[in-house]
Amino acid sequence: MLRSVILAASRSSQVERLVATAPYTRDVVRRFVAGAATDDALRATRGLVDDGLAVTLDHLGEDTVTPEQATATRDEYLKLLKMLGGAGLTPAAEVSVKLSALGQMFDEQLAYDNARAICVAADAAGTTVTLDMEDHTTTDSTLEVLGRLRKDFPSTGAVLQAYLRRTESDCRELSSAGSRVRLCKGAYKEPESVAYQSAREVDKSYVRCMNILMSGDGYPMLATHDPRMIAIGEDRARWFDRGPERFEFQMLYGIRPEEQARLAGEGYTVRTYVPYGDEWYGYLMRRLAERPANLVFFGRALISKK
Ligand SMILES: Cc1cc2nc3c(=O)[nH]c(=O)nc-3n(C[C@H](O)[C@H](O)[C@H](O)COP(=O)(O)OP(=O)(O)OC[C@H]3O[C@@H](n4cnc5c(N)ncnc54)[C@H](O)[C@@H]3O)c2cc1C
């Protein structure tokens with residue numbers, strides 16, 4: 001219920017205005033977002049890489065409605081990749097891209113062209129691209145674009161969401177050799193017709209999907225902060241004899257940093273997903289919807305007069 005309300009608020013421009021102008025919003029945002037500028041993203045990446053973590057960078061922005069906005073997003077990724085390469089931060093750092101930010105909502109071909117240009121730049125910088133997954137109305141289109149990109153850039157990563165009923169089947173499709181697949185629970189509000197609704201059902205699906213990916217031939221990327229899912233991931237890695245070069249854990253910037261360090265210390269590959277940019281509102285609201293404790297922290301900051 002609370003999750004639905006917050007996810008509804010994530011689409012409201014009135015709530016966005018209220019949140020954006022509240023006095024202590026900046027402190028809360030800073031916990032989950034590396035900063036507004038490309039330099040901020042680079043600085044955060046350097047710190048994480050020095051701590052033994054891998055990174056995937058996301059330039060925030062998803063409500064792209066014009067070709068000009070889509071081109072600007074593409075150009076930001078091109079600039080970022082050039083800077084990452086120049087700073088010697090590749091291949092430790094790669095990029096995560098939302099096709100909606102590249103024009104998918106109004107022109108799938110434009111989104112493909114923009115994503116392809118980013119893949120070319122990533123390849124030149126010696127790193128990879130992962131296509132984030134958004135709400136279920138975009139899944140087919142995103143997988144279609146992924147298939148086209150993989151013809152020239154086979155290391156392009158996919159994201160599959162365990163809450164969708166279709167995902168076990170998608171995992172089977174995408175568990176072939178060399179296929180990089182991030183498995184997450186899913187962050188959007190989805191109808192019962194397409195998605196499991198209870199946390200228990202989603203967790204059970206996550207484990208089924210993890211079993212398919214970890215026993216397959218691809219490169220699984222287990223994106224979760226859930227201690228139970230992480231423990232099962234560690235168990236499956238032992239069971240299927242997957243060393244740190246054959247799968248990875250992924251977590252979000254600012255969430256369970258001690259656990260990220262612990263896993264990296266144990267020798268696992270751990271990749272931190274680092275968002276940056278000034279369009280942080282939708283991203284922040286999805287993080288709040290996931291965890292009531294984050295909401296209390298945020299609420300305190302909003303009403304604080306200090
Ligand atoms: C790297 C990465 C990339 C992602 N990409 C996508 C994407 O492309 N598309 C998409 O839809 N979603 C994406 N997500 C979001 C994902 O779908 C989930 O919404 C999000 O990760 C929350 O699910 P969870 O598995 O972490 O566990 P949850 O079910 O949210 O939490 C389970 C348990 O984990 C622990 N936990 C969770 N958060 C915290 C915290 N802040 N502090 C301490 N303990 C905590 C608690 O014990 C909690 O009970 C991504 C997530 C990650 C980590």
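Scroll up to find the structure.
Presented here is a report on the structure given in the accompanying data block. (Residues numbered from 1 in each chain as written. Predicted model: local features only at pLDDT ≥ 70, side-chain atom pairs only at ≥ 80, totals over all residues. Heavy atoms only, no water.)

Moving on, we come to the site of the ligand. In the region of the ligand, 24 residues are neighbours, and Lys185, Gly186, Thr224, His225 and Glu290 sit closest. Met133 places a main-chain nitrogen or oxygen 2.8 Å from a nitrogen atom of the ligand. Contacts to the ligand include His225, whose side-chain N or O atom sits 2.7 Å from an oxygen atom. For the ligand, the accessible surface in isolation is 950 Å², of which the surrounding protein chains cover 81%. Put simply, the parts of the chain that give the shell around the ligand at least two residues each are strand S4 (158-161), strand S5 (180-184), strand S7 (248-252) and helix H12 (281-290). The greatest single-element share of the shell around the ligand, amounting to three residues, is contributed by S7. Of the residues belonging to the shell around the ligand, the class tally is 11 nonpolar, five polar and eight charged. A domain-level breakdown of the shell around the ligand finds at least three residues from each of domain 1 (1-32 + 280-305) and domain 2 (35-275). (Near = heavy atom within 4 Å. Polar contact = N/O pair within 3.5 Å; in protein donor to acceptor, adjacent residues only side chain to side chain. Areas by Shrake-Rupley, 256 points an atom, 1.4 Å probe, with all protein chains shown as cover. Helix = DSSP H or I, 4+ residues; strand = E, 2+ residues; numbered from the N terminus. Nonpolar A, V, L, I, M, F, W, Y, C, P; charged D, E, K, R; others polar. Domains from an automatic or database assignment.)

This brings us to the packing of aromatic side chains. Taken as a whole and assessed by the stated rule, the structure comprises four aromatic pairs. Ring centres of Phe247 and Phe249 lie 5.3 Å apart, and the angle between their planes is 75 degrees; on these two criteria the pair is classed as edge-to-face. Both residues of the pair, Phe247 and Phe249, count as buried. Ring plane angle 80 degrees and centroid distance 5.3 Å describe the contact between Phe249 and Tyr268, whose orientation is recorded as edge-to-face. With Phe249 in strand S7 and Tyr268 in the loop between helix H11 (257-265) and strand S8 (270-276), the pair connects residues that are 19 residues apart, well separated along the chain. What makes Phe249 buried here is its relative accessible area of 1%. In textbook terms, an aromatic cluster arises when at least three aromatic residues are bridged by ring pairs, as seen for Phe247, Phe249 and Tyr268. The ring of Tyr112 carries the charged tip of Arg148 above its face, separated from the ring centre by 3.7 Å. The ring of Tyr283 carries Arg287 above its face, with NZ or CZ at 4.6 Å from the centroid. (Phe/Tyr/Trp six-rings, centres within 6.5 Å; stacked < 30°, edge-to-face > 60°. Buried < 20%, exposed > 50% of the residue type's maximum accessible area, 1.4 Å probe, protein only. Lys NZ or Arg CZ within 6 Å of the ring centre and 35° of its normal.)

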